[in-house]
Amino acid sequence: MSFDIAARFPDAAWLKSMADKLDEKMQFAVSKAQETDYIPYSAENGQWKKTAIGWWTNGFWPAAMWQMYRATGRETYREEAVRAEGMLDAALKDFKNLSHDVGFMWLIHSGVRYQMERNPDSFDRTLFAAHMLASRFNPNGFIRAWNDNGKENRAGWAIVDCMMNLPLLYWASWATGDPRFRLMAQAHADTTMRTFVRPDGSCNHIVIFDPVTGEAVETIGGQGYENGSSWSRGQAWALYGFVLSYLHTGKQEYLDTAKRVAHYFISQITDDFIPRCDFRQPEKPEIKDNAAGNIAACGLLELCQAVPEAEAKFYFDAAVRILKAQEEKCADWSQATPAVFTRCTSAYHDLAGRHIAMQYADYYFIEAVCKLRGEKMLFWYPHRKNA
Ligand code: GLY
């Protein structure tokens, strides 16, 4: 019997108020999205900002819609999820421009829809995305993250974020009965454990491998402050990603790695429980990232259910403190903007991307609130038994 996060949550009134506020705000957010022909990512001047179809975050909006639909039964949310899923077909068609982010882009809505409705088109989309991810596997044991950008040959580039895309490969092995997908996922997770996660539980964002020999030749700071620093969203991707690989495989090393990353993450946020963009950035300016906080909170809510009962409360309490602090200090429930969280940061050195809305911060907050209210389907593992 695992730690029951819904029964243990200490503040039912807060949770009920979050559910009500999310429903009101998301209905407004949907009405603003329906004025456009794109999928929400960031917001500006009270509107969703135009974002190209194919941007790596495109799956979070329909996933948020499915979470809200399952929580409220409101048909508007289902219709909006299906509308976005259809818009995303243009990205599937343009498959040569896809990156490793196809798990974010399809599993958490098409995979979820297939689980709920057995819709064959959603199955095909999810499986096609999994094939695209599998095609990025380098037999030296890592998944190539990005395509070349005209300056660099990126055949050997892997990034920590990819841990969150591995559930798509685990899903594909379940869907087809073919173990190759999950073996690729495990090989990548093993490489990430060995080459990204440092002894203190912090992580590199980018590791460059020799694509022919597989030797790790260089690390770079990526979206964090500098090489050797600690980009908080990368730490959150690792934390949640290793918990998910543990849930999909039962491999103890993944759970131990998730715990190590979680201990480091928690040790770095105790000032106000709102993560800095990089845990090793200079003291000033104070750059925060709400997305890192909400992702980590979701990972911690899964972690506390995966460890023995005696260990669970530590992770659970950290998740609750992060969610409450972020909501209290950063959430915008007004109709001045369609987004809830507006202190997100795309990358430390992207000056225009500091303290902006990034819709996936809202997605993870919704996921956390739904989990705490008893949602049993884990969108990163939609086919799990007893969901
Ligand atoms: N590279 C994905 C992210 O910004 O977290």
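Residues numbered from 1 in each chain as written. Predicted model: local features only at pLDDT ≥ 70, side-chain atom pairs only at ≥ 80, totals over all residues. Heavy atoms only, no water.

Engineer: Describe in detail the sheet that holds strand S6 (residues 206–209), supporting the description with residues and values.
Structural biologist: Spatially, the three strands line up as an open sheet ordered S5-S6-S7, and their pairing is antiparallel. Each edge of the sheet is formed by a strand with only one pairing partner; in this case those strands are strand S5 (157–159) and strand S7 (216–220). Each strand axis lies, on average, 25° off the axis of its neighbour in the sheet, ignoring direction. Bridge count for S5 against S6 is three bridges, and the pairing is antiparallel. (Pairing = 2+ DSSP bridges. Helix = DSSP H or I, 4+ residues; strand = E, 2+ residues; numbered from the N terminus. Axes fitted to C-alpha atoms, helices over the stretch in contact; angles between N-to-C directions.)

Engineer: Explain the packing of aromatic side chains to me, and be specific about the residues and the numbers.
Structural biologist: Counting across every chain of the model gives 35 aromatic pairs. Considering the side-chain rings of Phe-60 and Tyr-364, the 5.6 Å spacing of their centres and the 55° angle between planes classify their relative orientation as tilted. On the criterion of sequence distance, the pair formed by Phe-60 in helix H3 (residues 60–72) and Tyr-364 in helix H14 (residues 359–372) is long-range, its members being 304 residues apart. Classification of Tyr-364 as buried rests on a relative accessible area of 0%. With a centroid separation of 6.1 Å and 20° between ring planes, the pair formed by Trp-237 and Tyr-360 is classed as stacked. (Phe/Tyr/Trp six-rings, centres within 6.5 Å; stacked < 30°, edge-to-face > 60°. Buried < 20%, exposed > 50% of the residue type's maximum accessible area, 1.4 Å probe, protein only.)

Engineer: Can you explain the site of the ligand? Please cite residues and give values.
Structural biologist: In the vicinity of the ligand, the contacting residues are Trp-56, Asp-161, Gln-223, Trp-231, Arg-233, Trp-237 and Tyr-360. Between the ligand and the protein, one listed contact pairs a nitrogen atom with a side-chain N or O atom of Asp-161 at 2.8 Å. Gln-223 has a polar side-chain atom sitting 2.7 Å from an oxygen atom of the ligand. Alone, the ligand offers 200 Å² of accessible surface; in the complex the protein occludes 92% of this. Along the lines of polarity and charge, the residues of the shell around the ligand split into four nonpolar, one polar and two charged. (Near = heavy atom within 4 Å. Polar contact = N/O pair within 3.5 Å; in protein donor to acceptor, adjacent residues only side chain to side chain. Areas by Shrake-Rupley, 256 points an atom, 1.4 Å probe, with all protein chains shown as cover. Nonpolar A, V, L, I, M, F, W, Y, C, P; charged D, E, K, R; others polar.)

Engineer: Please set out unusual backbone geometry residue by residue, giving values where relevant.
Structural biologist: Residue Pro-285 is reached from Lys-284 by a cis peptide bond, and omega for that bond is -5°. As for its placement among the helices and strands, Pro-285 is situated in the loop between helix H11 (252–267) and helix H12 (290–306). The phi dihedral of Arg-118 falls on the positive side, at around 50°, and the residue is not glycine. Inspection of the secondary structure assignment puts Arg-118 in the loop between helix H6 (102–117) and helix H7 (120–134). Phi angles above zero are rare outside glycine, and Phe-273 is one such case at about 65°. Among the residues examined, Phe-273 registers a relative accessible area of 9% and is labelled buried.

Engineer: Could you give an account of the pattern of salt bridges, naming the residues involved and the relevant values?
Structural biologist: Here the structure, examined in full by the defined rule, presents 28 salt bridges. The partner of Arg-125 in a salt bridge is Asp-89, and the shortest N-O contact between them spans 2.7 Å. Here Arg-125, found in helix H7, pairs with Asp-89, found in helix H5 (residues 89–93); they are 36 residues apart in sequence, far enough to count as distant. According to the relative accessible area criterion, Asp-89 is partly exposed, its value standing at 28%. Salt-bridge contacts for Asp-289 lead to Arg-233; the nearest nitrogen and oxygen are separated by 2.8 Å. Linking Asp-289 in the loop between H11 and H12 with Arg-233 in helix H10 (residues 232–249), this pair joins segments that are 56 residues apart in sequence. Three or more residues are tied together by salt bridges with common partners; here these are Glu-75, Arg-78, Glu-85, Asp-89, Arg-113, Glu-117 and Arg-125. (Salt bridge = Lys/Arg side-chain N within 4 Å of Asp/Glu carboxyl O.)

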